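Tertiary structure, described
Each chain, written out:
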Amino acid sequence: MKKLVLAGIFCLPFISITAQVTSADKAKAVALVKKMTLEEKVGQMTQVTIAVIAKGGWSDTEGNIDPAALKKAVVDHGVGSILNVNSHAFTVDKWHEIITKIQDESKNTRLKIPVMYGLDGIHGQTYTLNSTLFPQNIAMAATRNPELVRQAAKVTAAELRASGVRWNFAPVLDCGRQPMWSRLPETFGEDVYIGKTLGAASIRAYEEDGLKNPTAVASCMKHYLAYSA
């Protein structure tokens with residue numbers, strides 16, 4: 001396996017794609033994994049930021065994809081997931097352009113596995129211009145209202161899909177108990193019951209329509225290692 005040195009590599013947190021998964025889907029996934037080489041499996045478990053495939057890396061702020069960098073990541077190294085955006089939100093059309101280029105490149109791989117593109121829609125689809133923004137999770141937790149959390153998650157899922165994104169890098173289920181941690185607002189607070197109740201409400205809302213419908217996304221239950229604690 002060739003050495004891969006890429007800035008901004010992450011380990012994938014727990015991903016939920018359980019909504020409406022059939023036995024045929026499971027069988028197809030098992031058969032696909034059996035066809036994969038060790039290198040392809042490692043690649044599929046590798047996640048990079050958009051800076052890795054952008055012209056100029058982190059200095060790019062407009063989502064300008066470097067074809068050579070994209071090929072190196074997706075075809076040469078089999079990267080399975082790309083995350084987020086640099087600097088500011090993009091228009092829906094820009095997201096369509098970016099994701100189309102990525103998925104077109106994935107068709108050039110041996111097994112033609114689509115790349116998972118994830119965005120942190122933690123309190124609304126914050127990375128798409130003119131989307132709906134909601135209070136951070138800490139404020140939603142203060143309402144003690146799972147139905148409100150559910151409704152916000154439904155809007156977020158629909159706006160993610162409108163952007164061409166099928167995976168939401170949310171919710172944050174870490175308990176916010178580290179007072180010096182600057183990202184505490186992303187959590188539902190320090191109480192386990194509130195966290196699990198509102199977290200479950202958001203996950204169900206994100207996924208319940210199923211990925212075959214343009215109103216649902218896969219969710220990501222994060223982050224359990226080396227986070228606030």
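Just above sits the structure.
Let me sum up the structure you'll find in this document. Fair warning: this is a prediction, and the values are worked out from it, not measured in the lab.

This part covers the side chain of Glu-40. Secondary-structure assignment places Glu-40 in helix H2 (residues 38–44). Within polar-contact distance, the side chain of Glu-40 engages the side chain of Arg-110 at 2.8 Å. Residues within four places of Glu-40 in sequence aside, it is in contact with Lys-35, Arg-110 and Leu-111.

Moving on: the packing of aromatic side chains. Under the definition given, this model contains 3 aromatic pairs. Aromatic pair Trp-167 and Phe-169: ring centres 5.3 Å apart, planes at 85°, arrangement edge-to-face. Each member of the pair Trp-167 and Phe-169 is classed as buried. Ring pairing ties together the aromatic residues Phe-90, Trp-95 and Tyr-117, which thus form one cluster.

With respect to the element layout, Thr-128 can be found in the loop between strand E5 (116–119) and helix H5 (137–143). A distance of 3.4 Å separates a polar atom in the side chain of Thr-128 from a polar atom in the side chain of Trp-95. The residues touching Thr-128, leaving out its near neighbours within four places in the chain, are Ala-89, Phe-90, Val-92, Trp-95 and Ser-163.

This part is about the packing of helix H6 (residues 146–162) against helix H7 (residues 192–207). For the pair H6 and H7, the least separation of the axes is 8 Å and the interaxial angle reads 35°. Considering the relative orientation of H6 and H7, their crossing is right-handed. Contact residues: H6 offers Pro-146, Val-149, Arg-150, Ala-153, Lys-154, Thr-156 and Ala-157, while H7 offers Thr-197, Leu-198, Ala-201, Ser-202, Ala-205 and Tyr-206. Tallied by class, residues from the contact of H6 with H7 come to 8 nonpolar, 3 polar and 2 charged.

Looking now at the environment of Leu-173. Structurally, the position occupied by Leu-173 is in the loop between strand E6 (167–168) and H7. Judged by relative accessible area, which is 22%, Leu-173 ranks as partly exposed. In this structure, the C-alpha to C-alpha distance between Leu-173 and Val-192, residues 19 residues apart in sequence, is 9.0 Å. Setting aside residues up to four positions removed in sequence, Leu-173 forms contacts with Gly-195, Gly-199, Ile-203, Met-221, Lys-222 and Tyr-224.

Rules behind the numbers
Residues numbered from 1 in each chain as written. Predicted model: local features only at pLDDT ≥ 70, side-chain atom pairs only at ≥ 80, totals over all residues. Heavy atoms only, no water. Helix = DSSP H or I, 4+ residues; strand = E, 2+ residues; numbered from the N terminus. Polar contact = N/O pair within 3.5 Å; in protein donor to acceptor, adjacent residues only side chain to side chain. Contact = heavy atoms within 4.5 Å. Phe/Tyr/Trp six-rings, centres within 6.5 Å; stacked < 30°, edge-to-face > 60°. Buried < 20%, exposed > 50% of the residue type's maximum accessible area, 1.4 Å probe, protein only. Axes fitted to C-alpha atoms, helices over the stretch in contact; angles between N-to-C directions. Left-handed = near helix turned anticlockwise from the far one by under 90°. Nonpolar A, V, L, I, M, F, W, Y, C, P; charged D, E, K, R; others polar.

From the geometry alone we can't say anything about function, so treat these as descriptive.
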